[in-house]
Amino acid sequence: MSERRKIAFQGEPGANSDEACRTYFPDMEPRPCASFEDAFEAVRSGECALGMIPVENSIAGRVGDVHHLLPHSGLKIIGERFKPIRFQLMANPGTRIEDVKTVASMPIALGQCRKVLRQLGVRTEQAGDTAGAAKALAEHPDKTRAAIAPALAAEIYGLEILMRDIEDERHNTTRFLVMTADPNPAPPAWGAPCVTSFVFRVRNLPAALYKALGGFATNGVNMTKLESYMENGAFTATFFYAEVDGRPDDGPLARALEELRFFSTRLEILGVYPADPFRKTAGS
């Protein structure tokens, strides 16, 4: 039997990224990585065939480190996946909820479960990772402590779920990008709604950004994301990450990108990939 291909993610086994890998790529083996840099390198080196990288959350916003790493990763985006985020309060077997005094998890997770934590009247403790908090609790049992993590973490580390789906907002959703080291991945099927991601640096001219983006408006191209970044410690917002509907071969987008090139010193397409159907439901 041939070895299963691997898909890299950042975090401990049982993290939301691990759940995303198992949900959307059940035939692949999830490969945990300590950092986003390690996850990118696992794909770049060929150790893993794909990477599952979170880029933004509907409550917490963008994952800052990832956006800085994307343009220099050498990887291509071949897909996007939207995953509803559900948090569970878990503890060592036999723990009663009234005995819990301290709850540990990563800061974002604690912040997204404020209402329940306030009702319980517990002290919170920050951890570097949701699944990591669950793992630490399993390794050092303590019936006065609990962790907030995905349900998969409870299954992996042998913990009991005391309260299910404790997040404050039900629309809590994380968007993931699927990455490959293939420099020329197969294009999406024709007719499927697509997203094109790219980075660019505008020329140092008055109104350069305004002029660079004008082509998207005049050609009727929908730009769904535009974010600026500091480069090399310079306090000037000249480097941008953008996403638009369509593919570069489409006439309107091709003309818009041609105009953008005229006002830019760098333009790099990071990926052309099918739009996740979740986009339609989220916008309705």
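Each value, and the rule that gives it
Residues numbered from 1 in each chain as written. Predicted model: local features only at pLDDT ≥ 70, side-chain atom pairs only at ≥ 80, totals over all residues. Heavy atoms only, no water. Helix = DSSP H or I, 4+ residues; strand = E, 2+ residues; numbered from the N terminus. Buried < 20%, exposed > 50% of the residue type's maximum accessible area, 1.4 Å probe, protein only. Contact = heavy atoms within 4.5 Å. Areas by Shrake-Rupley, 256 points an atom, 1.4 Å probe, with all protein chains shown as cover. Lys, Arg positive; Asp, Glu negative; His and termini not counted. Charge placed at Lys NZ, Arg CZ, Asp CG, Glu CD. Pairing = 2+ DSSP bridges. Axes fitted to C-alpha atoms, helices over the stretch in contact; angles between N-to-C directions. Expected span 1.5 Å × (residues − 1). Arc of directions from axis to C-beta. Salt bridge = Lys/Arg side-chain N within 4 Å of Asp/Glu carboxyl O. Phe/Tyr/Trp six-rings, centres within 6.5 Å; stacked < 30°, edge-to-face > 60°. Lys NZ or Arg CZ within 6 Å of the ring centre and 35° of its normal. Polar contact = N/O pair within 3.5 Å; in protein donor to acceptor, adjacent residues only side chain to side chain. Parallel < 35°, antiparallel > 145°, perpendicular 65-115°, else oblique. Nonpolar A, V, L, I, M, F, W, Y, C, P; charged D, E, K, R; others polar.

This part is about the overall build of the protein chain. The helix and strand tally for the protein chain stands at 10 helices and 15 strands. Looking at the protein chain residue by residue over its 284 residues, the buried ones come to 45%. In the protein chain, of all internal contacts separated by at least 6 residues, the share reaching a separation of at least 24 is 75%. Taken as a whole, the protein chain presents about 14000 Å² of accessible surface, with 52% of it coming from carbon and sulfur. Here the protein chain contributes 33 positively and 36 negatively charged side chains, and the mean placements of these two sets differ by 3 Å.

For the rest of this paragraph, the subject is the sheet that holds strand β6 (residues 88–91). If you trace the 5 strands from one edge of the open sheet to the other, you get β8-β7-β9-β6-β10, paired in mixed fashion. Taken across any chain shown, the strands that pair with only one partner, and hence form the sheet edges, are β8 (123–126) and β10 (160–163). Strand-to-strand twist across the sheet, computed as the mean angle between neighbouring axes with direction ignored, equals 35°. Note: β6 against β10, 3 bridges, orientation antiparallel. Across the sheet, the residue bridging to Met90 is Ile161, located in β10. Where helix α6 (residues 130–139) meets the sheet, it contacts β6, β7 (102–105) and β9 (145–149), and its direction lies at approximately 150° from that of β9.

With that settled, the discussion passes to helix α9 (residues 251–262). Helical geometry note: an α-helix holds 3.6 residues per turn, so side chains three or four residues apart project in the same direction. The end-to-end C-alpha distance of α9, which contains 12 residues, comes to 17 Å, matching closely the 16 Å that a straight helix rising 1.5 Å per residue would cover. Looking at α9, one finds that the buried residues are Leu253, Ala256, Leu257 and Leu260. Each buried residue of α9 sits inside an arc of 100° when the element is viewed along its axis, so together they form one side. Exposed side of α9, more than 90 degrees from the buried face: Glu258 and Phe262 are the residues found there. The secondary structure elements touched by the buried residues of α9 are β12 (194–202), α8 (208–218), β14 (239–245) and β15 (264–274).

Here the focus is the pattern of salt bridges. The final tally for this structure, using the stated rule, is 21 salt bridges. Note that Glu12 and Lys135 form a salt bridge whose closest N and O atoms lie 3.5 Å from each other. Of the two residues, Glu12 sits in the loop between β1 (6–10) and α1 (16–24) while Lys135 sits in helix α6, which places them 123 residues apart along the sequence. Note on Glu12: relative accessible area 27%, which makes it partly exposed. Lys135 sits in the partly exposed class, given a relative accessible area of 27%. The shortest N-O distance in the salt bridge between Arg22 and Asp18 comes to 2.9 Å. Here Arg22 and its partner Asp18 are both found in helix α1, 4 residues apart, which amounts to about one turn of the helix. Owing to a relative accessible area of 40%, Arg22 belongs among the partly exposed residues under this scheme. Members of the salt-bridge network, linked through shared partners, are Glu56, Arg62, Glu80, Arg175, Lys225, Glu227, Glu243 and Arg279.

Within this structure, the stated rule accounts for 5 aromatic pairs. Here the aromatic rings of Phe198 and Phe200 are separated by 6.0 Å at their centres, their planes lie at 35°, and the arrangement is tilted. Judged by its relative accessible area of 0%, Phe198 is buried. An aromatic cluster is defined as three or more aromatic residues linked by ring pairs; in this entry it consists of Phe198, Phe200, Phe216 and Phe240. Above the plane of the ring of Trp190 lies Arg247, whose end atom (NZ or CZ) is 4.2 Å from the centre.

Topologically, Pro274 is positioned in strand β15. The partly exposed category is assigned to Pro274, whose relative accessible area is 35%. Placed 269 residues apart in sequence, Pro274 and Arg5 show a C-alpha to C-alpha distance of 22 Å. Beyond its immediate chain neighbours, meaning those up to four positions away, Pro274 contacts Ile78, Glu80, Pro188, Pro193 and Cys194.

Attention now goes to the environment of Lys83. Its place among the elements puts Lys83 in strand β5 (residues 76–84). What makes Lys83 buried here is its relative accessible area of 8%. Remark: the alpha-carbon pair of Lys83 and Asn172, spanning 89 residues in sequence, is separated by 8.7 Å. Residue contacts for Lys83: discarding those within four places in its chain leaves Asn16, Glu19, Ala20, Tyr24, Asn172, Thr173, Thr174 and Phe176. A polar atom in the side chain of Lys83 sits 2.9 Å from the side chain of Glu19.

It is at 8 Å that the axes of α8 and α9 come closest, and there the two elements cross at 170°. What the angle tells us is that α8 and α9 run roughly antiparallel. Contacts between α8 and α9 involve Lys211, Ala212, Gly214, Gly215, Phe216 and Thr218 on the former and, on the latter, Leu253, Ala256, Leu257, Glu259 and Leu260. Residue composition of the contact of α8 with α9, by class: 6 nonpolar, 3 polar and 2 charged.

What is shown is where atoms sit, not what they do.
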